[in-house]
Amino acid sequence: MATFSFSSTITPICLLFSLLPLEFGFLRGVTPLGINYGQLADNLPQPEQVRTLLTSLKITKTRIYDTNPQILTAFANSGIEIIVMVPNNLVSTLTDPGQALQWVTTNIKPYFPSTKITGIDVGNEVFASNDATLTSNLVPAMSSIHAALVQLGLDASIHVSTASSLAVLAESFPPSSGAFQENLANVIAPFLQFLTRTKGTFWINAYPYFSYKADPNGVSLDYVLFNPNSGMTDPKTNLHYNNMLYAMVDAVSFAISRMGFDGLDVGVSETGWPSKGDSEEVGATIENARVYNKNLVQRQMLNEGTPYRPNQRLEIYLFALFNEYMKPGPTSERNYGLYHPDITMVYNVGLTELSGSTATSTSVSFVTSSV
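1. So, unusual backbone geometry
Omega for the bond connecting Phe112 with Pro113 falls within 30 degrees of zero, at 10 degrees, which places this linkage in the cis form. With respect to the helices and strands, the residue Pro113 is situated in the loop between helix H4 (97-107) and strand E4 (116-124). Residues Phe173 and Pro174 are joined by a peptide bond in cis, for which omega reads -5 degrees. Mapped onto the elements of the fold, Pro174 is located in the loop between strand E6 (169-171) and strand E7 (179-180). A positive phi angle, near 60 degrees, is found at Asn130, a position not held by glycine. By the element assignment, Asn130 lies in the loop between E4 and helix H5 (132-151). In the Ramachandran plot, Asn238 falls in the positive-phi region, its phi being about 65 degrees despite a non-glycine side chain. Structurally, the position occupied by Asn238 is in the loop between strand E9 (232-233) and strand E10 (240-241).

Written out as structure tokens, the structure is:
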């Protein structure tokens, strides 16, 4: 996860699910929910338990940060769609078509179609890695993996992409000024060509929390939390934004259009808010985390798009299901989960387990990143 500042002079994501009513702790209606399921802890529930929790809430989409065979086996015949990931340290190896074919044959083919693998993310935030070799090898590796999927007859079901941080942008405010970093032009263009050819999604990890933490006096808390606020209007397009997440997404869409690839899908592979942080991590509180995620849920119930793409529903995966105590970095990194590893809630946004167990001990479910 990379930090990224998206502030402005104004007093100034998405899961896929619906539930009613949020404040009473139970679900009445359900649409697809996207969740990141990470494993950087040795005290997490077994994959079979996680599957039961997600299934009980009719959660239909998740992302994991590897190809953990226990998870892929446990999720067989569940109907839950899974995006898996190639770790950054394997990207260069998989530029070789033979190695890519072997990787897909070993890590994907044995589980598909019983396990509903729908995507492969090649690396995570590679464009922000400052590793020129890794960056230059990203699209060749993606191409080799896609070719392996074609060879095995899996390409119609499994798409290949990568998740990027918003640090790929040189300009982001107002959204219509969105533009990629100039030094990435020679790698971004082939990436966009690949996504166009394979009908893939440009995934971004977008965290309004970081913008607020960086400038709490200049960025409106209501604007970043989806609370009622006056918002901002893009002076070039007259598009009005009442939350920062949508502005971030549209900045990426405008950057893509500026490169000549208008129309590519942009999705949010990670977004969330920490419930706890160090003393200097302004805004990292349980209440802010609860409000951000609850309001995000309500937005997703509307099946809405962004101001720039109002008729194209924004797909979002929440960060995260569990607090993962082995994650490095500041305290906030270990406190994005909606649930403790014992499956008790960190805070309540209205999700509860529906299989008959008590809501306090088994209410479920968003999933977290292990990066």
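2. So, H5
Spanning 20 residues, H5 covers 30 Å between terminal C-alpha atoms, matching the ideal 28 Å at 1.5 Å per step. Where H5 bends most, the angle comes to about 35 degrees, and this point is Leu138, followed within four residues by the proline Pro140. For H5, every residue scored as buried is listed here: Leu134, Thr135, Asn137, Leu138, Val139, Ala141, Met142, Ser144, Ile145, His146, Ala148 and Leu149. If you check the start of H5, you find a side-chain oxygen 3.1 Å away from the backbone N of Thr133, and it comes from Asp131. Positive backbone phi, at 75 degrees, marks Gly153, one or two positions downstream of H5.

3. Focus on the nonpolar core
Within soluble globular proteins, side chains that are nonpolar generally end up buried alongside one another. Formed by 102 residues in total, the largest nonpolar core has its most connected members in Ile120, Val122, Ile145 and Phe202. Per-element accounting of this core gives the leading share, 11 residues, to helix H9 (residues 244-258).

4. Brief notes about the pairing of strand E8 (residues 201-205)
With five of its five residues buried, E8 lies for the most part within the structure. Side chains of E8 alternate between two faces, with Thr201, Trp203 and Asn205 and Phe202 and Ile204 buried alike. Note that strand E5 (residues 159-165) and E8 share three bridges and pair parallel. Counted as the bridge partner of Ser165 is Asn205 from E8. Pairing analysis gives five bridges linking E8 to strand E11 (residues 265-271), with the strands arranged parallel. What sits directly across from Asn205, in E11, is Glu270.

5. With respect to the packing of aromatic side chains
Per the stated rule, a full pass over the model turns up 16 aromatic pairs. Residues Tyr209 and Phe210 carry aromatic rings whose centres are separated by 5.4 Å and whose planes lie at 50 degrees to one another, so their mutual orientation is tilted. The exposure classification of Tyr209 matches that of Phe210, with both residues buried. Taking the centre distance of 5.4 Å and the plane angle of 55 degrees together, the rings of Phe226 and Tyr292 count as tilted. Within this pair, whereas Phe226 is found in the loop between helix H8 (221-224) and E9, its partner Tyr292 is found in helix H10 (residues 286-301), the two being separated by 66 residues in sequence. The exposure class of Tyr292 is buried, given its relative accessible area of 0%. Among the aromatic side chains, those forming a connected cluster through ring pairs are Tyr207, Tyr209, Phe210, Tyr212, Phe226, Tyr246, Trp273, Tyr292, Phe319 and Tyr336.

6. A word on the sheet that holds strand E1 (residues 34-36)
Strand order in this closed barrel of eight strands is E1-E2-E3-E4-E5-E8-E11-E12, and the pairing throughout is parallel. Averaged over neighbouring strand pairs, the angle between their axes works out to 25 degrees when direction is ignored. Relative to strand E3 (residues 81-86), strand E2 (residues 61-63) runs parallel, the two being bridged by three bridges. Bridge assignment links Lys61 to a residue of E3, and that residue is Glu81.

What counts as what
- Residues numbered from 1 in each chain as written.
- Predicted model: local features only at pLDDT ≥ 70, side-chain atom pairs only at ≥ 80, totals over all residues.
- Heavy atoms only, no water.
- Helix = DSSP H or I, 4+ residues; strand = E, 2+ residues; numbered from the N terminus.
- Expected span 1.5 Å × (residues − 1).
- Bend = angle between axes of the 7 residues up to and from the residue.
- Buried < 20%, exposed > 50% of the residue type's maximum accessible area, 1.4 Å probe, protein only.
- Polar contact = N/O pair within 3.5 Å; in protein donor to acceptor, adjacent residues only side chain to side chain.
- Core = buried A, V, L, I, M, F, W, Y, C linked by side-chain atoms within 4.5 Å.
- Pairing = 2+ DSSP bridges.
- Phe/Tyr/Trp six-rings, centres within 6.5 Å; stacked < 30°, edge-to-face > 60°.
- Axes fitted to C-alpha atoms, helices over the stretch in contact; angles between N-to-C directions.

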